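# Architecture at a glance
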Amino acid sequence: QIEHFGAVRLFVERAQALQPDFAITSSNAEAVAEICRRLDGMPLAIELAAARVRLFGVNGLRERLGERFKLLRGGSPAAAPRHQALLATIDWSQQQLSEFERAELFQLSTCVGGFGLEFAQRMCADESHDAWAVVEALSSLVDGSLVQVEPGDPPRYRLLESTRAYALEGLAQAGQAGAAMRRHAHALRDYFIDTEEQRFGANGSLTMADYMRRLSPELDNLRAALDW
């Protein structure tokens, strides 16, 4: 059934170009679907990934998606220019940002499973930029298609996986990954503590439903912070 999706058909087509006997089977269908989803259905990224199936296998490819910019660099002779095109596209997009917008993008890449507006404000505001400046910067990131808005009330936000991987790599290269994860963990801790106080504190008025509505969406972020 997953072959009804254009992203999966493209993956299979490109994989078969280098490995003619490749096919979707019960043992690899879930991995193929996850690869296409984590690459956000982006044709260029899918083509580059499929070219590596012959080397890593589908499950090996899925396990290595966290290193995607290294992973997608190789493959067919045409892969390097295409990889450069993917990087160039993201490079160009982030170069259009102000210094604070770029810093916010990189900080938001530490989020797992998306993020809510209040959590983003807690994490990204600093001495020079208040919570409203974070909103304005987030709006610019959304307008530039670097951050996606997920439907809901209130809405949640997330970086495309390829953009997130690019930003995380940028943090690592700048030696800022640890500081960014610390900021993520501290902001999340404060968010949870404040929510607890609003529910169970002396003047708490938050209903249990609202309490769960605030905390449940951030569980993936909580796990990431605890892992760190």
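Everything discussed here concerns the structure shown above.
Throughout what follows, the structure given in this document is the object of discussion. The structure displayed is predicted, hence computed values, not measured ones.

Take the overall build of the protein next. Along its length, the protein carries 13 helices and two strands. The principal-axis extents of the C-alpha atoms in the protein amount to approximately 65 × 40 × 30 Å. A fraction of 63% describes how many contacts in the protein between residues 6 or more apart in sequence connect residues 24 or more apart. Split by element, the accessible area of the protein, about 12300 Å² in all, is 51% carbon and sulfur. The protein carries 24 positive and 31 negative side-chain charges, and their two centres are separated by 6 Å.

Let us now look at the environment of Arg-64. Relative to the helices and strands, Arg-64 resides in the loop between α4 (53–63) and α5 (68–71). Among the polar contacts made by the side chain of Arg-64, one reaches the main-chain carbonyl oxygen of Gly-60 at a distance of 3.0 Å.

A word on the nonpolar core. When a protein is soluble and globular, its nonpolar side chains tend to lie buried together. Residues Leu-105, Leu-108, Phe-115, Phe-119, Met-123, Leu-141 and Val-147 are the most contacted members of the largest nonpolar core, which totals 34 residues. For this core, the secondary-structure elements that each account for two or more residues are α6 (79–95), α7 (99–108), α8 (117–124), α9 (131–143), β2 (156–159), α10 (161–173), α11 (177–200) and α12 (208–215). When residues of this core are assigned to their parent elements, the largest contribution, six residues, is made by α11. Leaving out residues up to four positions away in the same chain, Phe-119 has contacts with Cys-111, His-184, Ala-187, Leu-188, Glu-218 and Asn-221. By size, the runner-up hydrophobic cluster in this structure holds 21 residues, among which are Val-12, Ala-31, Val-32 and Leu-86.

Next up on the list: the pattern of salt bridges. Under the counting rule described, the total for this entry stands at 13 salt bridges. Where Arg-122 meets Glu-118, a salt bridge forms, and the shortest distance between an N and an O atom there is 3.2 Å. With Arg-122 and Glu-118 both in helix α8 and four residues apart, the pair spans about one turn of that helix. The partner of Arg-122 in a salt bridge is Asp-194, with the nearest N and O atoms 2.8 Å apart. Of this pair, Arg-122 sits in helix α8 while Asp-194 sits in helix α11; the two residues are 72 residues apart in sequence, bridging distant segments of the chain. Taking relative accessible area as the criterion, Arg-122 reaches 29% and is therefore assigned partly exposed.

Here we take up helix α1 (residues 6–18). Taking 1.5 Å of rise per residue, 13 residues should cover 18 Å, and α1 covers 19 Å from first to last C-alpha, within 8% of that figure. The elements touched by buried residues of α1 are α2 (29–38), α3 (43–50) and α4.

Further remarks concern the packing of α11 against α12. The relative placement of two packed helices comes down to the angle between their axes together with the axis-to-axis distance. Running from N to C, α11 and α12 point in directions that differ by 175°, and their axes come no closer than 10 Å. When the axis of α11 is compared with that of α12, the two are roughly antiparallel. Residues Tyr-191, Phe-192, Thr-195, Glu-196, Gln-198, Arg-199 and Phe-200 of α11 touch α12, and the partners they reach there are Met-208, Tyr-211, Arg-214 and Leu-215. The residue makeup of the contact of α11 with α12, split by class, is six nonpolar, two polar and three charged.

Right, let's get into the layout of surface pockets. Its volume calculated, the largest pocket comes out at about 300 Å³. If you go around the largest pocket, you meet 15 residues; those closest to its centre are Gly-116, Pro-154, Pro-155, Tyr-191 and Arg-213. Taken together, the elements giving at least two residues each to the lining of the largest pocket come down to α8, β2 and α12. Taken together, the residues that form the lining of the largest pocket break down as seven nonpolar, one polar and seven charged.

A separate point is the pairing of strand β1 (residues 147–150). In this sheet, β2 lies alongside β1 in antiparallel orientation, the contact comprising four bridges. Paired with Glu-150 across the strands is Arg-156, a residue of β2. Between β1 and β2, which pair antiparallel one after the other, the connecting turn spans five residues, and Gly-152 there sits at a positive phi close to 155°.

Conventions we followed
- Residues numbered from 1 in each chain as written.
- Predicted model: local features only at pLDDT ≥ 70, side-chain atom pairs only at ≥ 80, totals over all residues.
- Heavy atoms only, no water.
- Helix = DSSP H or I, 4+ residues; strand = E, 2+ residues; numbered from the N terminus.
- Contact = heavy atoms within 4.5 Å.
- Areas by Shrake-Rupley, 256 points an atom, 1.4 Å probe, with all protein chains shown as cover.
- Lys, Arg positive; Asp, Glu negative; His and termini not counted.
- Charge placed at Lys NZ, Arg CZ, Asp CG, Glu CD.
- Polar contact = N/O pair within 3.5 Å; in protein donor to acceptor, adjacent residues only side chain to side chain.
- Core = buried A, V, L, I, M, F, W, Y, C linked by side-chain atoms within 4.5 Å.
- Buried < 20%, exposed > 50% of the residue type's maximum accessible area, 1.4 Å probe, protein only.
- Salt bridge = Lys/Arg side-chain N within 4 Å of Asp/Glu carboxyl O.
- Expected span 1.5 Å × (residues − 1).
- Axes fitted to C-alpha atoms, helices over the stretch in contact; angles between N-to-C directions.
- Parallel < 35°, antiparallel > 145°, perpendicular 65-115°, else oblique.
- Nonpolar A, V, L, I, M, F, W, Y, C, P; charged D, E, K, R; others polar.
- 1 Å grid on protein atoms, 1.4 Å probe; cavity = no way out; pocket = protein on both sides within 12 Å on 5 of 7 lines; lining within 4 Å.
- Points joined across faces, edges and corners; volume = space filled by probe spheres on them.
- Pairing = 2+ DSSP bridges.

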